[in-house]
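Per-entry structural report
Next come the chains, spelled out residue by residue.
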Number of protein chains: 2
Amino acid sequence: MDRVYNFSAGPSMLPMEVLEQAAKEMTNYNGSGMSVMEMSHRSPVYDAIIKETEADFRKLMNIPDNYKVLFLQGGASTQFAAVPLNLMKTGKADYVVSGQFSGKAYKEAKKYGDAKCIATSEDKTFSYIPEITPDMVREDADYVHVCYNNTIFGTKYPEVPNVGDKVLVADMSSCITSEPVDVTKFGVIYAGAQKNMAPAGLTVVIIREDLLGTAREDIPTMLDYKTMADNDSMYNTPPCYAIYVAGLVYKWALKNGGLVAMKERNEKKAALLYDFLDQSSLFKPTAEKKYRSLMNVCFVTGDAELDKKFCKEAAEAGFVNLKGHRSVGGMRASIYNAMPTEGVAALVEFMKKFEENNK
Amino acid sequence: MDRVYNFSAGPSMLPMEVLEQAAKEMTNYNGSGMSVMEMSHRSPVYDAIIKETEADFRKLMNIPDNYKVLFLQGGASTQFAAVPLNLMKTGKADYVVSGQFSGKAYKEAKKYGDAKCIATSEDKTFSYIPEITPDMVREDADYVHVCYNNTIFGTKYPEVPNVGDKVLVADMSSCITSEPVDVTKFGVIYAGAQKNMAPAGLTVVIIREDLLGTAREDIPTMLDYKTMADNDSMYNTPPCYAIYVAGLVYKWALKNGGLVAMKERNEKKAALLYDFLDQSSLFKPTAEKKYRSLMNVCFVTGDAELDKKFCKEAAEAGFVNLKGHRSVGGMRASIYNAMPTEGVAALVEFMKKFEENNK
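Residues numbered from 1 in each chain as written. Chains lettered and ligands numbered in written order. Predicted model: local features only at pLDDT ≥ 70, side-chain atom pairs only at ≥ 80, totals over all residues. Heavy atoms only, no water.

1. Observations regarding the relation of the copies chain B and chain A
Under the convention used in this document: The atoms used to superpose the copies are C-alpha atoms, taken from residues with pLDDT of at least 70 in both, and the fit is least squares. When checking whether two residues touch, look at their non-hydrogen atoms; a contact exists if any pair is within 4.5 Å.
Taken as rigid bodies, chain B and chain A are interconverted by a rotation of 180° and an axial shift of 0.0 Å, the fit giving an RMSD of 0.0 Å. Between the two chains, the operation in question is that of a two-fold axis. Considering only C-alpha atoms, the residue of chain B closest to the rotation axis is Ala23 of chain B, which sits at 2.2 Å. The overlap is high: 100% of the interface residues of chain B also sit at the interface in chain A, so the same surface is used on both sides.

2. Observations regarding the side chain of Asp56 of chain A
All names here are of chain A. Stated precisely, the cut-off is as follows: Helix numbering and strand numbering both begin at the N terminus, where a helix is a DSSP run of H or I of at least 4 residues and a strand a DSSP run of E of at least 2. Only protein chains enter the calculation, and the probe is 1.4 Å; a residue is then buried if its accessible area is under 20% of its type maximum, exposed if over 50%, and partly exposed in between.
Assignment of secondary structure puts Asp56 in helix H2 (residues 44-61). On the basis of relative accessible area, Asp56 is assigned to the buried category, the value being 11%. Contacts of Asp56, omitting those with residues within four sequence positions, involve Tyr250, Lys251 and Leu254.

3. Remarks on the layout of surface pockets
Put simply, the rule reads: Of the two site types, the cavity is a set of points on a 1 Å grid over the protein atoms alone where a 1.4 Å probe fits but cannot get out, and the pocket is an open set with protein on both sides within 12 Å along at least five of seven lines, each lined by residues with an atom within 4 Å of a point. Grid points are joined across faces, edges and corners, and a volume is the space filled by probe spheres set on the points. Throughout this entry, Asp, Glu, Lys and Arg are counted as charged residues, while Ala, Val, Leu, Ile, Met, Phe, Trp, Tyr, Cys and Pro are counted as nonpolar. The remaining residues, Gly among them, count as polar.
When its volume is computed, the second largest pocket comes out at roughly 1000 Å³. Looking at the second largest pocket, it is lined by 49 residues, and the ones nearest its centre are Ser40, His41 and Arg42 of chain A together with Gly10 and Arg332 of chain B. Looking at the lining of the second largest pocket, the elements with two or more residues in it are H2 of chain A together with helix H3 (75-87), helix H4 (100-109), helix H8 (304-316), strand E13 (319-320) and strand E14 (331-334) of chain B. A per-element tally of the lining of the second largest pocket places H3 of chain B first, with four residues. For the lining of the second largest pocket, the per-class residue count stands at 18 nonpolar, 23 polar and eight charged.

4. Concerning the sheet that holds strand E4 (residues 114-120) of chain B
By definition, the strands of a sheet pair up through backbone hydrogen bonds, in either a parallel or an antiparallel sense. Residue and element names in this part refer to chain B. What counts is decided by this rule: One requirement defines pairing of two strands: DSSP has to find at least two bridges between them. Here an axis means a line fitted to C-alpha atoms, over the contact stretch when the element is a helix, while the angle between two N-to-C directions is reported on a 0 to 180 degree scale.
Strand order in the open sheet formed by seven strands is E2-E10-E9-E8-E5-E3-E4, and the pairing between neighbours is mixed. The open sheet is flanked by strand E2 (67-72) and E4, the only strands paired with a single partner. Put simply, the sheet's adjacent strands are angled 20° from each other on average, direction ignored. In this sheet, E4 lies alongside strand E3 (residues 92-97) in parallel orientation, the contact comprising six bridges. Paired with Lys92 across the strands is Asp114, a residue of E4. Docked against the sheet, H3 engages E2, E3, strand E5 (143-147), strand E8 (167-171), strand E9 (188-192) and strand E10 (203-208), running at close to 155° with respect to E9.

5. A word on the packing of helix H7 (residues 258-279) of chain A against helix H9 (residues 341-357) of chain A
All names here are of chain A. So the rule is basically this: Throughout this description, any angle smaller than 35 degrees is read as roughly parallel, any larger than 145 degrees as roughly antiparallel, any in the 65 to 115 degree range as roughly perpendicular, and the remainder as oblique.
Relative to each other, H7 and H9 sit at 5°, their axes nearing to 9 Å. Taken as axis vectors, H7 and H9 run roughly parallel relative to one another. Contacts between H7 and H9 involve Arg265, Lys268, Lys269, Leu272, Leu273, Phe276 and Leu277 from the former and Thr341, Val344, Ala345, Leu347, Val348, Met351, Lys352 and Glu355 from the latter. A per-class count over the contact of H7 with H9 returns nine nonpolar, one polar and five charged.

6. Overview of the pairing of E3 of chain B
Residue and element names in this part refer to chain B. In terms of burial, E3 is largely enclosed, as five of its six residues are buried. The pairing of E3 with E5 spans two bridges and is classified as parallel. Residue pairing in the sheet places Asp94 in a bridge with Val144 of E5.

Here it is in structure tokens:
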């Protein structure tokens, strides 16, 4: 088998031309005589890479000048602690629990202060996004935390939630760069890079500058946003190679029309699958229509044995990693930016045939 | 210029055959139809990679069964906080400050309890390692922390320090896998991987099992050794690709005779440089003879302008990243496992010529 269609929820597909360029430059980057993996992070050649990566990311996401971009380690799971450790000044923060990861973020925040769950969709297995209105937010909460796209349950916020004048913090791990987003509506956006941007091991944080410098005194230095901002993400050695690959991915996205084009393509890809699911007699989508994710399409047959059979036969046909998250079962097709339309179309054809054969 | 001799202190040279294999497998690992960068960390194909990497690392380092190996993120700098957050039970810990990084570790530990500096070599610009005896350690200290090889000052412990029955914690970022080490003499060994093992973004922790489970309640979950041990380093997505490259490097080291052979070769390489420096009329080594590092060879001419000229001309001749750390100046040749003997020999020849031309 040469290349498969990889529907993994993350780490996930990267654009083929990015992989090919990385392979080509592996032993000698741009005449430097070394791999990007071997470069001193303080060398001029690497400095140019990280600066260009940040510039391209800013262009792609249309990030205003009063926001810092940080390239960190530790995944979104580390941000679950970093957010309250940095931003809880009054000791209060409000959380929306719309899936497993937002639940983990909420639980972690409770270690550091009075974190309150102001809304949840747990009552219907997180198949929808609860509505948020400004009056639900506590007057003295330092911020409101949401998970913008729920990887496991295949839901996303249909629009930026209205939290009034409160600081909105969003985990965008599984939807960042999938469509344009108005950064100015957020205080902090963070994302593990391994779904839509780079290999695992890089975490990107976008933070409004006035939110820097309020961390607790006993915060681990490496989690302090101000330390990282003051040192341009180089307080210590950053995850250099993952940042380089992210840079290649940003260039690929820009070259292919930026986030407006990504959104258009992602909507087309998602529609192929959802339209089929909506009329299928075998497969059922699990997320409520209004809240459907463009990135993670979850569905079931209603029969665990049949789900298993489907995943097995799909893998044999070159459609891999379609098994749903171990906590929910069923199927999930993650169709991030790098998944070509042909991959989704081919999957739908395969599903049609499977439905035909399993009537 | 094809390949240079890269004397960077880290990230640093990787074995050429490792880079070539990584490049070859970039778009299709072992018939899987995908890059290692694209693999779900919970897939059988990636599971085999991480398990084999751990097994090879255990073999290479001769790690006993009662020690866990953790593949983490955040660098040694994150461990500066993780160590006290996990291991300070009485609230007391003793630190030896033998350079910049051990100083940072000590400073970070003071955030979390009564950290005491029991010995330092600051009086002579960290050009030696202070002697440690068991009576210097506080009776109720939970552990003693050392930095085993000081990257910036080019010194290393000539033998494992004697801390009596206390738990010894060592930062081995810049010497791990450079020579055999008796793991049983340590409670915790940790190391950023970007010097001798892998690209930046991976941190390896070796911890004796009885030290797990004593973390403070408010520790960030991602820093809790027990959480990581219980989840086989997969509480969240690990830095998959860096782990894969580390695995290739471990296989390379095993194939080339393991750590006994690495030590022999490293001693030979270091001797080439130190022997030349000891008789040179222009260059002077800065570390005391007894404490010289095998990995980082620091030297000066005594004239900052001449140092600069040397670094410039060396770079033009293909010997790059010889500038000393910005905090100390002078020169530093980092000669990790992947630096071939020919590279060091060629550097010595170049230094001889430079000396001749600058009498």
